[in-house]
Amino acid sequence: MQAAAHGRIDTVLFKDLIFTLNLDVSIDYPFKAPFLKFCHSVYHPNVDPSSHELCSPMLLQENWKPDTTMEDVLINMIVLLNEPDLSRPVNFDAAADYMNDKAVYMKKFKEVAQKW
């Protein structure tokens, strides 16, 4: 399943962006979490730079709850994009930039986003 999500309009970094992603839902859904992966690179602490997979605690099997809806998953993705979980980064360069110099982080994010 493919989905698209708009960035929050009140967030300068994501304004006017559309994130395209794949949601792989197994036959065991809703008892098994879906797999969420962007269709393009995203410079973000919680997005794997090579696989484009979103690392979200909600999507971990040990945290997954069968009553979680796809809407909940997409809202969680948008919140996580706006507020990275720096306790579990998968892109360490993006996490370091985000923590040490947000201007550098924003510049690199926009450079990657321009390639979409």
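Calculation notes
- Residues numbered from 1 in each chain as written.
- Predicted model: local features only at pLDDT ≥ 70, side-chain atom pairs only at ≥ 80, totals over all residues.
- Heavy atoms only, no water.
- Helix = DSSP H or I, 4+ residues; strand = E, 2+ residues; numbered from the N terminus.
- Buried < 20%, exposed > 50% of the residue type's maximum accessible area, 1.4 Å probe, protein only.
- Pairing = 2+ DSSP bridges.

Trainee: Tell me about the environment of V104, and name the residues and values.
Mentor: In this fold, V104 is placed in helix α3 (residues 102-113). Taking the C-alpha atoms as reference, V104 lies 9.4 Å from A94; in sequence the two are 10 residues apart.

Trainee: Break down unusual backbone geometry for me, with residues and values.
Mentor: With an omega of 15 degrees, the peptide bond running from Y29 to P30 counts as cis. Among the secondary structure elements, P30 is positioned in the loop between β2 (18-24) and β3 (35-38). Even without being a glycine, H52 presents a positive backbone phi close to 65 degrees. Note that H52 resides in the loop between β3 and α1 (70-82).

Trainee: Could you give me a rundown of the pairing of β3, with the residues and numbers involved?
Mentor: Working note: regular strand, side chains alternate between the two faces of the sheet. Here β3 shows a buried face lined by L36 and F38 and an unburied face lined by F35 and K37. With 4 bridges connecting them, β2 and β3 associate as antiparallel partners. Its bridge partner being in β3, L23 is matched across the sheet by L36.

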